[in-house]
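Coordinates in review
Below, each chain spelled out in residue letters.
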Amino acid sequence: MESLSNKKKVLEQKPLSFMEKMYLPAIAKGMGITISHLFKKEATVRYPEVEREFSTNFRGMHSLKRDENGKERCTACGLCALSCPAEAITMIAAERKPEEKHLYREEKYAATYEINMLRCIFCGLCEEACPKEAIYLDGPIVPADYLRKDFIYGKDKLVEAPLEMKK
């Protein structure tokens, strides 16, 4: 079958010398590269024993912050859920009861706040959209798990501990 452009490229193979037929130079060059790698610094990080250093703009697991009085900062405005391009955040707002005055800053709070970590793309838009500085992506790496339902994080995993319990 003829080519469409009628252009041919003729390849000429020069004959191999005796040493090249024996592959000795290629073997010696490969062994030299292998031996040189023995004396170089390791590229891998032995994870459980050694923690990897992250950059200053690393985005880890989400955390809902508390104010200096120990009250939750989130007022369930929904801006974080609206700004999320992956639609990973869902929340249900509720009115604060008089006996819950020590728990929440304002009259409205997030009764349920869930983040689907399988959907989250860690873009940080929720962090930027929050007017109360309630959500930050400053936690550790999201741990691996086997079940999909275990990747939906509620307030039990997201809200940081009160100041009295922190140490």
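Residues numbered from 1 in each chain as written. Predicted model: local features only at pLDDT ≥ 70, side-chain atom pairs only at ≥ 80, totals over all residues. Heavy atoms only, no water.

The chain carries the name NADH-quinone oxidoreductase subunit I in an unreviewed UniProt entry, which gives Pedobacter chinensis as its organism. As recorded by UniProt, the Subunit (unreviewed entry) comment attached to the chain reads in full: "NDH-1 is composed of 14 different subunits. Subunits NuoA, H, J, K, L, M, N constitute the membrane sector of the complex." (UniProt positions renumbered as here; feature names shortened; annotations may be inferred.)

**Regarding the UniProt feature "binding site: [4Fe-4S] cluster 1" (unreviewed entry) in the chain**
Cross-referencing UniProt, the feature "binding site: [4Fe-4S] cluster 1" (unreviewed entry) maps to Cys74, Cys77, Cys80 and Cys130 in the present numbering. These annotated residues cover 57 residues of sequence, and their C-alpha atoms lie no more than 10.2 Å from one another, placing them together at a single site. As for its placement among the helices and strands, Cys80 is situated in helix 3 (residues 79-83). Classification of Cys80 by relative accessible area gives buried; the value is 6%. Every residue in contact with Cys80, bar those within four places of it in the chain, is listed here: Ile89, Met91, Tyr113 and Cys126. A relative accessible area of 15% places Cys130 in the buried class. (Helix = DSSP H or I, 4+ residues; strand = E, 2+ residues; numbered from the N terminus. Buried < 20%, exposed > 50% of the residue type's maximum accessible area, 1.4 Å probe, protein only. Contact = heavy atoms within 4.5 Å.)

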